[in-house]
Number of protein chains: 4
Amino acid sequence: MQDLRDEIRAFIEERAWQRFHSPKNLAMALSVEASEIVEHFQWVTEEESRNLPREKLAEVRQEIGDVMIYLAELADKLGVDPVEAARAKVEINKRKYPAALVRGKASKYTDYLR
Amino acid sequence: MQDLRDEIRAFIEERAWQRFHSPKNLAMALSVEASEIVEHFQWVTEEESRNLPREKLAEVRQEIGDVMIYLAELADKLGVDPVEAARAKVEINKRKYPAALVRGKASKYTDYLR
Amino acid sequence: MQDLRDEIRAFIEERAWQRFHSPKNLAMALSVEASEIVEHFQWVTEEESRNLPREKLAEVRQEIGDVMIYLAELADKLGVDPVEAARAKVEINKRKYPAALVRGKASKYTDYLR
Amino acid sequence: MQDLRDEIRAFIEERAWQRFHSPKNLAMALSVEASEIVEHFQWVTEEESRNLPREKLAEVRQEIGDVMIYLAELADKLGVDPVEAARAKVEINKRKYPAALVRGKASKYTDYLR
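These numbers were taken from a predicted model, which means no experiment stands behind them.

Rules used throughout
- Residues numbered from 1 in each chain as written.
- Chains lettered and ligands numbered in written order.
- Predicted model: local features only at pLDDT ≥ 70, side-chain atom pairs only at ≥ 80, totals over all residues.
- Heavy atoms only, no water.
- Helix = DSSP H or I, 4+ residues; strand = E, 2+ residues; numbered from the N terminus.
- Rg over C-alpha atoms; globule rule 2.2 N^0.38 Å.
- Buried < 20%, exposed > 50% of the residue type's maximum accessible area, 1.4 Å probe, protein only.
- Contact = heavy atoms within 4.5 Å.
- Areas by Shrake-Rupley, 256 points an atom, 1.4 Å probe, with all protein chains shown as cover.
- Buried area = accessible area lost by both parts, 1.4 Å probe.
- Salt bridge = Lys/Arg side-chain N within 4 Å of Asp/Glu carboxyl O.
- Polar contact = N/O pair within 3.5 Å; in protein donor to acceptor, adjacent residues only side chain to side chain.
- Axes fitted to C-alpha atoms, helices over the stretch in contact; angles between N-to-C directions.
- Parallel < 35°, antiparallel > 145°, perpendicular 65-115°, else oblique.
- Left-handed = near helix turned anticlockwise from the far one by under 90°.
- Least-squares fit on C-alpha atoms with pLDDT ≥ 70 in both.
- Nonpolar A, V, L, I, M, F, W, Y, C, P; charged D, E, K, R; others polar.

1. Some words on the overall build of chain A
Turning to step 1, where the next piece is worked out: Scanning chain A from N- to C-terminus turns up six helices and zero strands.
Turning to step 2, where the next piece is worked out: Secondary structure of chain A in N-to-C order comes out as α-α-α-α-α-α.
Turning to step 3, where the next piece is worked out: Taken against the 2.2 N^0.38 rule, which gives 13 Å for 114 residues, the C-alpha radius of gyration of chain A at 18 Å runs more than 25% over that of a compact globule.
Turning to step 4, where the next piece is worked out: Structurally, chain A occupies a C-alpha span of about 50 × 35 × 25 Å along its principal axes.
Turning to step 5, where the next piece is worked out: For chain A, the proportion of its 114 residues judged to be buried stands at 51%.
Turning to step 6, where the next piece is worked out: Contacts in chain A between residues at least 24 apart in sequence constitute 62% of all its contacts with a sequence separation of at least 6.
Turning to step 7, where the next piece is worked out: Summing over all exposed atoms, chain A offers an accessible surface of approximately 5,300 Å²; the carbon and sulfur share of this is 47%.

Dropping the structure here:
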């Protein structure tokens, strides 16, 4: 992950793109790339999404790479470690969604706080 | 990253949420979380986005965690390593956007292939 | 639609929100609201999505309202009539996706141009 | 708007695409199209977004058409009139964001309910 961060920093500096890459703009780019993943799945069934053809999987892998790039860059700009942030959020989610209460149910956590 | 992946797997299994977590649904959840980052930036200027107040930064950090969680889980379901996918994409981007051509310009790469 | 446009204009002016409502920011807000619709559908099956409970339908109706508001406002700022733009796009789509070629298939139109 | 709805219905039926067009899938397509609008604005300044070049405006107009199409179709499938839903939401927003309290401020409404 540190290597990725450094490669992204070098890539941006070599192109003098820092002034375009404000956190606001990076958040936009991140969501655009996330939607490009969604586009691959919008007309397939859930079952089909579990068994992507090899060619489609290769395309989705590239989109996952794009999301990871912008997430790493946005996090870097904000001084956040995305993997640490994720692990901290998993701990929060464990308390928000107690296994005993939500087992096998997909409702939003607020349903359990009513 | 491997630790994160394992923690997510355990979290999902303890809640019996596997059947909800098809790649199709995870792609949707990923884009929803990416938009929750965007929501924090939609009314601020680019300049303000470079200097978030501490409280807002803490909220954005949690949203970054959410995006990282769904990205890691989606990638895991598809057998993709997200950091490897990102590094491979940086290499592709180096060829798509030659520094000499795009330096200081934000146009989409297709503009350079015309 | 003209009434809606005028109501939105009055709403924004009364709150002196014009300077926040640049097309860039409105595009962000539009995508955030579209994702709030997606959030309602991310863990339900396609079948369930065709039969929403009354309470959930009322929530989705409000999110549809939010998307329509930001779409109307963005279009107004850009001097575009969204319904006219949609009807023009349907005409384009008729040529891009000839019924004889795509009947019953969900592939992206580029698949048919290869 | 009724004409648009009828044109979309005919377009979908002629292509036998009804089975792909569940509300879940239409919500996904809607958010993907909203992101295609965002993509046009992600690297431009707010000022530039208020003065799009003619060619770019023509592209954004097509994306607005796409969002309007999927919004109209999703709303139709759910038995919702999108313009009525928007006007009802403007009324709700008038109460949520009293002009006297929020004038010239962009904070989220919850800030005013604390």
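2. Section: the interface of chain A and chain B
Turning to step 1, where the next piece is worked out: In this assembly, 69 residues from chain A lie in contact with 69 residues from chain B.
Turning to step 2, where the next piece is worked out: Area buried by chain A at its contact with chain B is led by Arg15(A), Lys24(A) and Ile64(A), which between them contribute 10% of it.
Turning to step 3, where the next piece is worked out: Summed over the shared surface of chain A and chain B, the result is six salt bridges.
Turning to step 4, where the next piece is worked out: The salt bridge partner of Asp66(A) is Lys89(B), with a shortest N-O separation of 2.6 Å.
Turning to step 5, where the next piece is worked out: At the boundary of chain A with chain B, the tally comes to 30 residue pairs in polar contact (both at pLDDT 80 or more).
Turning to step 6, where the next piece is worked out: Sorting the residues of the side of chain A that touches chain B by element identifies α1 (2-14), α2 (23-41), α3 (46-49), α4 (54-78), α5 (82-96) and α6 (99-102) of chain A as the ones contributing at least two each.

3. Looking at the packing of helix α5 (residues 82-96) of chain C against helix α1 (residues 2-14) of chain D
Turning to step 1, where the next piece is worked out: At their nearest, the axes of α5(C) and α1(D) sit 10 Å apart, and the two run at 20° to each other. Judged on the interaxial angle alone, α1(D) and α5(C) are roughly parallel. Classified by chirality, the crossing of α1(D) by α5(C) is left-handed. Of α1(D), the residues touching α5(C) (which contributes Val83(C), Ala86(C), Arg87(C), Val90(C), Asn93(C) and Lys94(C)) are Asp3(D), Leu4(D), Glu7(D), Ile8(D) and Phe11(D).

4. A word on the relation of the copies chain A and chain B
Turning to step 1, where the next piece is worked out: Of the two same-sequence chains, chain A is brought onto chain B (RMSD 0.0 Å, axial shift 0.0 Å) by a rotation of 180°. Classification of the inter-copy transformation places it as that of a two-fold axis. If distances are taken from each C-alpha of chain A to the rotation axis, the shortest is found for Ser31(A), at 3.2 Å.
Turning to step 2, where the next piece is worked out: Taken together, the interface assignments show that 100% of the residues at the interface of chain A recur at the interface of chain B, consistent with an identical surface on both copies.

5. Details of the interface of chain C and chain B
Turning to step 1, where the next piece is worked out: Taken together, the contact between chain C and chain B spans 18 residues of the former and 18 residues of the latter.
Turning to step 2, where the next piece is worked out: Between chain C and chain B, the buried area comes to about 1,400 Å², and carbon and sulfur atoms account for 64% of it.
Turning to step 3, where the next piece is worked out: Considering only the side of chain C, the residues that lose the most area to chain B are Val32(C), Gln42(C) and Trp43(C), jointly responsible for 40% of the buried surface there.
Turning to step 4, where the next piece is worked out: Counting across the interface, chain C meets chain B through zero salt bridges.
Turning to step 5, where the next piece is worked out: At the boundary of chain C and chain B, one finds three residue pairs in polar contact (both at pLDDT 80 or more).
Turning to step 6, where the next piece is worked out: Broken down by element, the residue count for the side of chain C that touches chain B peaks at twelve residues, all from helix α2 (residues 23-41) of chain C.
Turning to step 7, where the next piece is worked out: In the side of chain C that touches chain B, the residues fall into nine nonpolar, five polar and four charged.

6. Here we look at the side chain of Ser49(B)
Turning to step 1, where the next piece is worked out: Its location among the elements puts Ser49(B) in helix α3 (residues 46-49).
Turning to step 2, where the next piece is worked out: Using a relative accessible area of 0% as the deciding quantity, one classes Ser49(B) as buried.
Turning to step 3, where the next piece is worked out: In terms of polar contacts, Ser49(B) uses its side chain to reach the backbone amide nitrogen of Lys24(A), at 3.1 Å.
Turning to step 4, where the next piece is worked out: In this structure Ser49(B) touches Ser22(A), Pro23(A), Lys24(A), Leu78(A), Phe41(B) and Val44(B), once residues within four positions along its chain are discounted.

7. Observations concerning the pattern of salt bridges
Turning to step 1, where the next piece is worked out: Evaluated as defined, the whole model comprises 32 salt bridges over all chains.
Turning to step 2, where the next piece is worked out: Because the salt bridges share partners, they merge into one network encompassing Asp3(A), Glu7(A) and Arg87(B).

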